[in-house]
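One letter stands for each residue in the lines below.
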Amino acid sequence: MSARAPSSPVAEQLPEVLIEVRGLLSQFGDRTIHENLDLDVVKGEVLGVVGGSGAGKTVLLNSIIGLKEPEGGSIRIFGHDIGNMSKAQSEDIEKRTGTLFQQGALFSALTVLQNVASPLVEHTRLSRDMIRELAEMKIAMAGLGPESHYLKPAELSGGMRKRVGLARALALDPEILFLDEPTAGLDPIGAAAFDELIRNLSDDLGLTVFMITHDLDSLYAICDKVAVLADKRVIEKATVAELQGSEHPWIKEYFMGPRGRAATKAA
């Protein structure tokens, strides 16, 4: 009797890619921002996106969420090619993603409660009472109390506006959360508290987070991976520890310069 061949080991399950960017070309007139840019964002990761001034971090974000049409390449979210989607597919992506813009982008004439409720009003047929209840819950999740509900954006501090923007981004229970410089303009204590909030929400809700930042403390505190934009593309996507060993000049200066070394000691 011949010996039975050993069973092959079970293949390790590959992580699910929620965002796939391939060969992205971004231009403004004669100026090329991105060229042949590739990037994968996998389910459940908190990804920090860094790069020098003019590297195109926000252009990349706007291209992914559909605010800028790429000049070339392809972008897929949840398997949908954003350049060739039906209206139903576009609405599906809008419901499954949330975005916190750098300045909050709140409606100035609406109260906090109305701002957070606005996606629910637009995209659901829930009753007024249910919408109110859900909006109040999202506001609490973002770390704000009931006393904030009837304030207008002009009456809020910078940190509070960011938390309201975050609550609104979470209104539809998104799978992917996009953040554009979420700690910009905050003092160190407020920035650290916001970082902790994002990390806790990601862990508790299973969120995938795409976060543009220049804040080294945020990278060390909450990011699983960091994508580095330079030379018109993503030159590396790795952990902070791995990037510290990179020989690329910009990465060395960014992570091993005085601020980078200080962030390392604080981590």
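Structure's up top.
Residues numbered from 1 in each chain as written. Predicted model: local features only at pLDDT ≥ 70, side-chain atom pairs only at ≥ 80, totals over all residues. Heavy atoms only, no water.

1. A closer look at the packing of helix α3 (residues 112–123) against helix α5 (residues 158–169)
The cut-off we apply is this: A fitted line through C-alpha atoms represents every axis, and for helices the fit uses only the stretch in contact; the resulting angles, taken between N-to-C directions, go from 0 to 180 degrees. Think of it this way: any DSSP run of H or I at least four residues long counts as a helix, any run of E at least two long counts as a strand, and we number them from the N terminus. Convention used here: angles under 35 degrees read as roughly parallel, angles over 145 as roughly antiparallel, angles from 65 to 115 as roughly perpendicular, and any remaining angle as oblique. By the definition used in this description, the sense in which the near helix is turned from the far one sets the handedness, with an anticlockwise turn below a right angle giving left-handed and a clockwise turn giving right-handed. Contacts: residue pairs with any heavy atoms within 4.5 Å of one another. Side-chain classes are defined by residue name, with Ala, Val, Leu, Ile, Met, Phe, Trp, Tyr, Cys and Pro counting as nonpolar, Asp, Glu, Lys and Arg as charged, and the others, Gly among them, as polar.
Viewed as axis vectors pointing N to C, α3 and α5 meet at an angle of 30°, and their least axial separation amounts to 7 Å. As far as their axial angle goes, α5 and α3 are roughly parallel. By crossing handedness, the relation of α3 to α5 is classed as right-handed. Note on element contacts: α5 touches α3 through Val164, Ala167 and Arg168, opposite Val112, Asn115, Val116, Ser118 and Pro119. A breakdown of the residues in the contact of α3 with α5 according to their chemical character gives 5 nonpolar, 2 polar and 1 charged.

2. Observations regarding the side chain of aspartate 195
Let me state the cut-off plainly: Buried residues are those whose accessible area, probed at 1.4 Å on protein chains only, stays under 20% of the maximum for their type, while exposed residues exceed 50% and partly exposed ones sit between those limits. A positive count includes Lys and Arg, and a negative count includes Asp and Glu. His and the chain ends are not counted in either. Each salt bridge in this description consists of a side-chain nitrogen of Lys or Arg and a carboxyl oxygen of Asp or Glu lying within 4 Å of one another.
Summarising the element assignment, aspartate 195 is placed in helix α6 (residues 188–205). Among buried Asp, Glu, Lys and Arg side chains, aspartate 195 stands out as unpaired, with arginine 163 the closest opposite charge at 9.7 Å. Contacts of aspartate 195, omitting those with residues within four sequence positions, involve Thr183, Asp217, Ser218 and Ile222.

3. A look at the packing of aromatic side chains
Remark: the centre distance and the inter-plane angle together describe each pair of aromatic rings, the angle taken between the planes. To be explicit about the condition: In this scheme Phe, Tyr and Trp rings, the latter by its six-membered ring, pair at centre separations within 6.5 Å, and the angle between planes marks the pair as stacked below 30 degrees, edge-to-face above 60, and tilted otherwise.
Summed over all chains, the structure comprises 3 aromatic pairs. Seen in terms of ring centroids, tryptophan 250 and tyrosine 254 are 4.7 Å apart; in terms of plane orientation they differ by 15°. Their pairing is stacked. In this pair, tryptophan 250 and tyrosine 254 both sit in helix α9 (residues 249–256), 4 residues apart, roughly one turn of the helix. Residue tryptophan 250 is classed as partly exposed on the basis of its relative accessible area, which comes to 25%. Relative to phenylalanine 255, the ring of tyrosine 254 has its centre 5.0 Å away and its plane inclined at 80°; by these criteria the two rings are edge-to-face. Phenylalanine 255 matches tyrosine 254 in its accessibility class, with the two residues each being buried. An aromatic cluster of at least three residues, connected via ring pairs, comprises Trp250, Tyr254 and Phe255.

4. A few points about the pairing of strand β10 (residues 233–238)
Quick reminder of the rule: Between any two strands, pairing holds if DSSP finds at least two bridges.
Bridge analysis of strand β9 (residues 225–230) against β10 gives 5 bridges, and the strand direction is antiparallel. Bridge pairing links valine 228 to glutamate 236 in β10. Between β9 and the antiparallel strand that follows it, β10, lie 2 residues; aspartate 231 among them carries a positive phi value of about 55°.

5. Some details on the sheet that holds strand β2 (residues 31–42)
Sheet architecture is open: 4 strands sit in the order β2-β1-β4-β5, paired in antiparallel fashion. A strand with exactly one partner marks an edge of an open sheet, and here the two such strands are β2 and β5 (80–81). Pairing geometry for strand β1 (residues 17–28) and strand β4 (residues 72–77), over 5 bridges, is antiparallel. Bridged to glutamate 20 within β4 is arginine 76. The strands touched by helix α1 (residues 57–64) within the sheet are β1, β2 and β4, with β1 carrying the most contacts at an inclination of about 120°.

6. Points about the pattern of salt bridges
Charged atoms that come close allow side chains of opposite charge to pair. All told, the structure shown has 12 salt bridges when counted by the stated rule. Between glutamate 16 and lysine 43 there is a salt bridge, with its nearest N and O atoms 3.9 Å apart. Taken together, the positions of glutamate 16 in the segment before β1 and lysine 43 in the loop between β2 and β3 (46–51) put the pair 27 residues apart, joining distant regions of the chain. The salt bridge partner of arginine 22 is aspartate 40, with a shortest N-O separation of 2.9 Å. On the criterion of sequence distance, the pair formed by arginine 22 in strand β1 and aspartate 40 in strand β2 is long-range, its members being 18 residues apart.

7. Side note on the pairing of β1
Across 8 bridges, the pairing between β1 and β2 is antiparallel. Residue pairing across strands places glutamate 20 opposite aspartate 40, the latter belonging to β2. Adjacent in sequence and paired antiparallel, β1 and β2 are bridged by 2 residues, among which glycine 29 carries a positive phi angle near 65°.

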